[in-house]
Each structure stands twice: as structure tokens, then as C-alpha cells.
Amino acid sequence: MSVEKLARPEIVAMKPYSSARKEAPGKGILLNANEAPRSLLDSEGGLNRYPDPQPERLVRRLARLYGVMEDNVLVTRGSDEGIDLLTRVFCRAGQDAILQCPPAFGMYRIAAQAQGARVVNVARDATDFSLDAQAVLDTLAGDDAIKLVYMTSPSNPTGDALEDGLLERLLGLAESKALVIVDEAYAEFTDRPSAAALIDRYEHLVVLRTLSKAWAAAGLRCGTVIAQPSVMSLLRRVIAPYPLPSPVVSLARAMLEEEALDKQRDMLREVRRNKAELLRLLADRPFVQAIYPGEANFVLIRVDDADGLLTHCALNNVILRGFPAEPVLRDCIRISVGSEDDLGQLAKALEAWETEQ
Ligand SMILES: *Cc1c(COP(=O)(O)O)cnc(C)c1O
């Protein structure tokens, strides 16, 4: 089956926009894009030119980093843009749906609702947040409108990774029916193999990676969609003609140089160390009812009085994440691992809170 059968027919029929840069990427005297002949910023030589829509060297580097071929890579403005593109290509307003397992990352729902797509929720267990794999499979089997199935591994905010075997069962069931999207924003914090290893086998598998978390570059806005070329060709029809500003491309390439891998390894080690320290800080606190350590660079906790603790910490200059709008997370707080100093401040705030109780 071709994945085109799952896409919105008007996207399949659409003739892609062809930018000047795409039509004439080569060198020469460039009088084809109404650009200025030179940059006004001495420090940024090429700023007067439109950037390469998919910068070749960055694409090559990301492909190598994620262990896939170059034609499996689409670079985007963060994973958020990847989610948005998938929704716009595969979900018809008022007809199609996405499936997610809340509590889940908020952008799946936002992108779906902005597109007019229905959101089908297969809720996680309200107490331990475990994923009901059978319910996911049954729901997908029973609802033909579902076009995108979101799996997050490790997940946010619950931190758990996809159980072994579930992805392949889902892919089997979703064939000819829906795309399975594995959001691996936190994959580098685990030792688990990436779903990208399966990309050649499944046309309806999409993996999302990002430089925002484990590459310490949330400000860069650089994500990668990994999929087969047939999916890419559809996404390219709706992506902005020049999604990546040239300074971002230069910074991303600098960040991913070989020496940077050592820096990243050090940082990941530091995160692991500090996470152990964070878990120690939280252990045996009478006001902490449950700790969900997860596999990512944050910890979710359930406490007696989430609002009170959030406000108390904020007054002590420590900002944590609460979820007042999500009923099953009303008592929960997500804490990013942070630096040693950050944890020191957090420890003080927690001690003061404990004394006040
Ligand atoms: C942080 C996060 C992202 C990253 O989004 P970017 O747009 O790449 O910054 C994606 N998915 C999940 C689940 C996240 O928590």
C-alpha cells in the first residue's frame, strides 16, 4: 500500500511550490530570487541569500547521527513543526482523527484541533500512568478515522518508554490504516534502540527526533522527521519553503561536529548523576506520595498539595511544572533535572516546605 492513500487527497493532488533556491541551487550570479546583492551585517556573509530549504551537509550529519539514509530525513523547526506537518497532510478537517495516550505531550492535541481533526484518547492508568497497550490496539482497530497514532518514548510527562514489542504490534495493525509516529524527543537519555532502525521496513512509521533536549539546543528550533521518501514527498508539499534560517543551520552544524559528541556525552553523564541526586532529594519526603522516575531528564511526582508546593517553590525562585488543567495530573509536578546548583536551591525550597507542613 502506498502511504498516499492515507493522505488528504488535496495534498496528494497539489503541485509543490518550487522556490528559486530549489530550482537553481548552484552557484553563479544570482538574479533569480529578488535578494539583495550583499548582507548589511558583516558578521553574517550569506544573510542576503535565501537559505537552502534542506541544507545538504546538515541533512547528511543528522542522517548519520540517527542511523538512517539522507532521503529518510526532513529537517524542521523543532519536532513541533514535524507534528504540525503530519497533521496537516494526513488529517481531513471534520473527518479524520489522531490517537494519543494522555497524559501526553500537548502539541499532538493542539495540532489536531487546529486542523479540525478529532482527538481519540486512550487514557493511561490514573494511578501509575501505565499505557494500556490492548486498549490502544482495540481502539485503532475499531475506528477507521484514526490517521495518526502517537507514541512517545520516553514519554512526557510520565517518563516511561514504550514496552518491547508494542511498536511492532501496532505497526502490524496500523498497516494501510494509519501512520504510527514515535516521538523520541528524550531517546538519548536511554540506552534503548531507536525506532528509526525499523524505518526501511514500514512505510507508515515516522520517528521524530530533536536537538532541543539531549543536545541542549531548545533555542535552536531544529528537529528531524525520519520516514520513508514517500512520506517526505508529502510533507515537503506543506512545509514552509525556507524553514531553517541560515544562522540556525550554521549553529546546528557547529553543534554536531565530532568534538561536540564528547561534550554531549559529558552532559548526559551529568544529567544521569543529577537525576540520581534529584531522586535522593525527593525520597522519604512525607509530602511526596509517589515518584515516577521515568527514563528522561525529568521526574514526575505526586504530592499532597501541588498548587501549594508550586507556589512555595516559585516564591523561592524555583519554577516547577504543574498541570492544573489535567484532572489526572492535578496532584502532579514535573521537575527537570537541572544543574547541581539548581538542585541545591530546590533542596532548600523542599526542606522549607516540609518544615511548614
Ligand atoms: C520537548 C518535546 C519535544 C520537542 O519539541 P521541539 O519542537 O523539537 O522543541 C517533542 N516531543 C516531546 C514529547 C517533548 O517533550
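Here, the structure is the one placed above.
In this report, the structure presented in the accompanying data block is examined. Being a predicted model, the structure only gives us computed values, none of them experimental.

A closer look at the sheet that holds strand β4 (residues 146-152)
Phase 1 of the analysis: With mixed pairing, seven strands are arranged side by side in an open sheet as β1-β7-β6-β5-β4-β2-β3. Each edge of the open sheet carries a strand with a single partner, namely β1 (73-76) and β3 (118-121). Pairs of neighbouring strands in the sheet enclose a mean axial angle of 25°, with direction left out of account.
Phase 2 of the analysis: The pairing of β1 with strand β7 (residues 223-226) spans four bridges and is antiparallel.

A closer look at the side chain of T210
Phase 1 of the analysis: Within the secondary structure, T210 sits in strand β6 (residues 205-210).
Phase 2 of the analysis: There is a polar contact of 2.9 Å between the side chain of T210 and the backbone nitrogen of S212.
Phase 3 of the analysis: Sequence-distant contacts of T210, that is, excluding residues within four places in its chain, are made with Y66, S79, A185, E188, W215, C222 and G223.

Some details on the pattern of salt bridges
Phase 1 of the analysis: In total, this model carries 22 salt bridges according to the counting rule given.
Phase 2 of the analysis: Each of the salt bridges in this network shares a partner with another, and the network as a whole consists of R92, D96 and K147.

A few points about the sheet that holds strand β9 (residues 298-303)
Phase 1 of the analysis: Taking strand neighbours across the sheet as the criterion, the four strands line up as β8-β9-β11-β10 in an open arrangement whose pairing is antiparallel. Edge strands, defined here as strands with exactly one partner in the open sheet, are β8 (288-292) and β10 (321-322).
Phase 2 of the analysis: The pairing of β9 with strand β11 (residues 332-336) spans five bridges and is antiparallel. Its bridge partner lying in β11, L300 is registered against R334.

Looking at the site of the ligand
Phase 1 of the analysis: Contacts to the ligand come from 14 residues, most closely from S79, D183, T210, S212 and K213.
Phase 2 of the analysis: At 2.6 Å from a nitrogen atom of the ligand is found a side-chain nitrogen or oxygen belonging to D183.
Phase 3 of the analysis: For the ligand, an oxygen atom lies 2.7 Å from a polar atom in the side chain of R221.
Phase 4 of the analysis: Taken by itself the ligand offers 390 Å² of open surface, and the protein chains cover 94% of this.
Phase 5 of the analysis: Residue composition of the shell around the ligand, by class: four nonpolar, six polar and four charged.

Some remarks on the packing of aromatic side chains
Each aromatic ring pair is characterised by the separation of its centres together with the angle its planes make.
Phase 1 of the analysis: Summed over the entire model, instances satisfying the criterion amount to six aromatic pairs.
Phase 2 of the analysis: Consider the rings of Y186 and F189, whose centres lie 6.4 Å apart with planes at 35°: the pair is tilted. Summarising the burial analysis for this pair, Y186 and F189 share the class buried.
Phase 3 of the analysis: Ring geometry for Y186 and F298: centres 5.2 Å apart, planes at 80°, overall edge-to-face. On the criterion of sequence distance, the pair formed by Y186 in the loop between β5 (179-183) and β6 and F298 in strand β9 is long-range, its members being 112 residues apart. Here Y186 matches F298 in class, with each residue buried.
Phase 4 of the analysis: Feature note: the residues F105, Y108 and Y150 constitute an aromatic cluster, connected by ring pairs.
Phase 5 of the analysis: The ring of F298 carries the charged tip of R334 above its face, separated from the ring centre by 5.8 Å.

Conventions we followed
Residues numbered from 1 in each chain as written. Predicted model: local features only at pLDDT ≥ 70, side-chain atom pairs only at ≥ 80, totals over all residues. Heavy atoms only, no water. Pairing = 2+ DSSP bridges. Helix = DSSP H or I, 4+ residues; strand = E, 2+ residues; numbered from the N terminus. Axes fitted to C-alpha atoms, helices over the stretch in contact; angles between N-to-C directions. Polar contact = N/O pair within 3.5 Å; in protein donor to acceptor, adjacent residues only side chain to side chain. Contact = heavy atoms within 4.5 Å. Salt bridge = Lys/Arg side-chain N within 4 Å of Asp/Glu carboxyl O. Near = heavy atom within 4 Å. Areas by Shrake-Rupley, 256 points an atom, 1.4 Å probe, with all protein chains shown as cover. Nonpolar A, V, L, I, M, F, W, Y, C, P; charged D, E, K, R; others polar. Phe/Tyr/Trp six-rings, centres within 6.5 Å; stacked < 30°, edge-to-face > 60°. Buried < 20%, exposed > 50% of the residue type's maximum accessible area, 1.4 Å probe, protein only. Lys NZ or Arg CZ within 6 Å of the ring centre and 35° of its normal.

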